[in-house]
Amino acid sequence: MLSGFPASAATDPDMAIRAYLMAVEGIAQEAVARAARLFITGQVKDHNRDFAPSCASFAEQCRYQQAAIEVAARPRIELKQEPAPAPPVDPRKLKLLNAALQGDVSATEELKRMYPDLPVWRMADLPVSKLMESE
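Conventions we followed
- Residues numbered from 1 in each chain as written.
- Predicted model: local features only at pLDDT ≥ 70, side-chain atom pairs only at ≥ 80, totals over all residues.
- Heavy atoms only, no water.
- Axes fitted to C-alpha atoms, helices over the stretch in contact; angles between N-to-C directions.
- Helix = DSSP H or I, 4+ residues; strand = E, 2+ residues; numbered from the N terminus.
- Parallel < 35°, antiparallel > 145°, perpendicular 65-115°, else oblique.
- Left-handed = near helix turned anticlockwise from the far one by under 90°.
- Contact = heavy atoms within 4.5 Å.
- Nonpolar A, V, L, I, M, F, W, Y, C, P; charged D, E, K, R; others polar.
- Buried < 20%, exposed > 50% of the residue type's maximum accessible area, 1.4 Å probe, protein only.
- Arc of directions from axis to C-beta.

Caption draft 1: The packing of helix α2 (residues 29–40) against helix α3 (residues 55–73), seen in detail. Running from N to C, α2 and α3 point in directions that differ by 120 degrees, and their axes come no closer than 8 Å. The angle between α2 and α3 places the two elements in the oblique class. α3 is crossed by α2, and the crossing has right-handed handedness. The residues of α3 that touch α2, namely those facing Glu-30, Ala-31, Val-32, Arg-34, Ala-35, Ala-36, Leu-38 and Phe-39, are Ser-57, Phe-58, Gln-61, Cys-62, Gln-65, Gln-66, Ala-68 and Ile-69. Tallied by class, residues from the contact of α2 with α3 come to 10 nonpolar, four polar and two charged.

What follows is the structure in C-alpha cells.
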C-alpha cells in the first residue's frame with residue numbers, strides 16, 4: 001500500500017508496516033484488505049491522496065470495514081406481512097345495530113335473521129336471573 005502514495009517513498013517501509021500491523025491487531029484480514037483497497041483507490045473521504053494514511057486513520061477504516069462485514073453476515077429479520085384490512089362495515093348494518101342497541105325489537109329480529117349463529121343471541125334469550133348466575 002505504501003508504494004501507491006508518492007509522498008511516502010522516503011518512509012522506512014519496515015517501520016511503517018510494523019506500525020500498521022500494531023494498529024490493525026485483532027481486525028479480520030478481509031477488513032484490512034478492504035480498507036487498503038479503499039485508500040489505494042482514493043475512495044476514502046477527507047484523505048489526502050498524496051500521502052499514505054496514518055496508522056490511526058487506517059485502523060479506523062479497518063474497524064469500519066470490520067463492522068460492515070459483521071453487519072452483512074447477520075441473519076436478516078423477515079418482515080411479517082400485515083393482514084389485509086377488514087372491509088368497511090355497511091352503514092345500513094351499523095344503523096340496524098344502533099337501533100337494536102336502543103331497544104328496537106324489529107332491528108334485533110333483523111340482526112338475528114342476518115347473523116343466526118352469533119352466541120350473543122343465546123345470551124339475549126336468557127332471563128336476566130340466569131345471566132347473573134353465570135357471573
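Caption draft 2: Broad picture of helix α5 (residues 105–114). By the burial criterion, the buried members of α5 are Ala-107, Thr-108 and Leu-111. Around the axis of α5, the buried residues are gathered within 100 degrees of arc, so they sit on the same side. Summarising the geometry of α5, the exposed residues directed more than 90 degrees from the buried face are Val-105 and Arg-113.

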